[in-house]
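Okay, here's what each chain looks like letter by letter:
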Amino acid sequence: MGNRTSVGIVVPTLGNRDLMLKECLTSLRVENVFIALVGPKSLSKSPLVEMADVVFDDENASLPAAINLAISQLPEHIHYVSWLGDDDQIVSGAIRLQEELLNESSSVVATYGQCRYIDLDGNELGVQRSGKFALSLLQWGPNLIPQPGGLFRRATWLELGGLDENYSQAFDTDFYLRISKKGEVRYLPHILANYRWHDQALSVGNRWKSVLESSRARKRNSLNPLITNFVLDWFVRIATMLAGRVLSFSLSKRRRKS
C-alpha cells in the first residue's frame, strides 16, 4: 500500500480501542508511509488490519520488544523509522518534511518537533513547544522531546541495537541519549503529531516509574560525574515529577472545559 517507500512507522496496539486506532492509521495512510501493525493474535480478526502493510504477532512481548521486532523485519528499502501509539496521530505533511531533511543531510540521525495534546474527543488541549534546548536538557533533567512524530535513521537504529528492552517506560529517553552520540538530532519548529492525553497513556499513568527509569538512563549514558551525584539526581527526580503533575493538572483542567 505505502508509496513513500523510505519511511516505515510501527504501530503497537492491543487492539482494544478501534476508533482511535482507525484515526491513527488514517493519519499514516494520508502520509503514504509503510505501516507495520504489531499486536496480539486476536488483532488479525480486526478489519483495521487492512489499513496496514504488514501485521506482526508480538507474542506478548513488551512494548519496546514489539517495536524492535517490527522494525527489524521491515523491508530493506525502508531507511527511516519510528513508532506511533495507537491513540496518537501524525499531522499532515510531517513525514514529508522530515524525510526531505534526512535525505539532504546524512549527518542528521534523528528528528523531533512540536506535539499537540488532544483529549479523547480530539479537542486541542495545548502544544508542546520545547524547542532545541530539549535535547540539552535531556542530559540533565526531564525528557521534553515529544517522541510522536519524530523519525530515526534506520541504519543508526540498527547500529545501536534498537530500543533497550530493559526499560518499560523511558526507552525513548534512553534511545535519544544514545542516538545523539551518533550524529545530529535535529529539531523542527513544526507540529508533527497529536498526542492523546488520557489516564491510560503510558507516560501519564506510570509517571514515577518513568522518572526512575529516566534517571537510570541519564546515568548510563553520561560521562559527567555530576549526573551521578545523589543529591542532584534526587532533585531532578522530584522536579520532574512535580513538573509532570503540574502539566497533568493544567491539561486535565482544559479537558474539563472543552
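A brief structural summary. (Residues numbered from 1 in each chain as written. Predicted model: local features only at pLDDT ≥ 70, side-chain atom pairs only at ≥ 80, totals over all residues. Heavy atoms only, no water.)

**Side note on the nonpolar core**
And step 1. Counting residues in hydrophobic clusters, the biggest one holds 34 residues, and the most contacted among them are W83, Y112, F152, W157, Y176, I179 and V185.
And step 2. Residue assignment for this core shows that the elements contributing at least two residues are β2 (34-39), α2 (63-72), β4 (80-83), β6 (108-118), α4 (133-138), α5 (154-160), α6 (171-179) and β9 (184-196).
And step 3. The residues touching I179, leaving out its near neighbours within four places in the chain, are V109, A110, F152, T156, L160 and V185. (Core = buried A, V, L, I, M, F, W, Y, C linked by side-chain atoms within 4.5 Å. Buried < 20%, exposed > 50% of the residue type's maximum accessible area, 1.4 Å probe, protein only. Helix = DSSP H or I, 4+ residues; strand = E, 2+ residues; numbered from the N terminus. Contact = heavy atoms within 4.5 Å.)

**Observations regarding helix α3 (residues 94-104)**
And step 1. By the burial criterion, the buried members of α3 are A94, I95, Q98, E99, L101 and L102. Looking straight down α3, one finds its buried side chains confined to an arc of 165°; they lie on one side. Those residues of α3 that are exposed and angled more than 90 degrees off the buried face are N103 and E104. (Arc of directions from axis to C-beta.)

**Details of the pairing of β4**
And step 1. Of the two faces of β4, both are covered, the one formed by Y80 and S82 as well as the one formed by V81 and W83.
And step 2. Pairing between strand β1 (residues 7-12) and β4: four bridges, direction parallel. Along β4, the bridge assignment pairs I9 with S82. (Pairing = 2+ DSSP bridges.)

**Considerations on the packing of aromatic side chains**
And step 1. Inspection of every chain in the model, using the stated rule, returns twelve aromatic pairs.
And step 2. Between Y117 and W197, the ring centres sit 5.4 Å apart and the planes meet at 80°, which makes this aromatic pair edge-to-face. Of this pair, Y117 sits in strand β6 while W197 is found in the loop between β9 and α7 (202-205), placing the two residues 80 residues apart along the sequence. The exposure classification of Y117 matches that of W197, with both residues buried.
And step 3. Ring-pair connections join several aromatic residues into one group, and the members of that group are W83, Y112, F152, W157, F171, F175, Y176 and Y187.
And step 4. Taking the ring centre of Y167 as reference, the NZ or CZ of R216 above it sits at 4.3 Å. (Phe/Tyr/Trp six-rings, centres within 6.5 Å; stacked < 30°, edge-to-face > 60°. Lys NZ or Arg CZ within 6 Å of the ring centre and 35° of its normal.)

**A few points about the pattern of salt bridges**
And step 1. According to the stated counting rule, one finds eleven salt bridges in the structure shown.
And step 2. A salt bridge links R17 to D86, with the shortest nitrogen-to-oxygen separation between them at 2.9 Å. You can see R17 sitting in the loop between β1 and α1 (18-30) and its partner D86 sitting in the loop between β4 and β5 (89-90), a full 69 residues away along the chain.
And step 3. The buried category is assigned to D86, whose relative accessible area is 3%.
And step 4. If you follow the salt bridges from partner to partner, you end up with D164, D174, R178 and R220 in one network. (Salt bridge = Lys/Arg side-chain N within 4 Å of Asp/Glu carboxyl O.)

**What about the side chain of S210?**
And step 1. Relative to the helices and strands, S210 is located in helix α8 (residues 207-221).
And step 2. Under the relative-accessibility criterion, S210 is labelled buried at 17%.
And step 3. Sequence-distant contacts of S210, defined by excluding residues within four places in its chain, comprise Q169 and A170.

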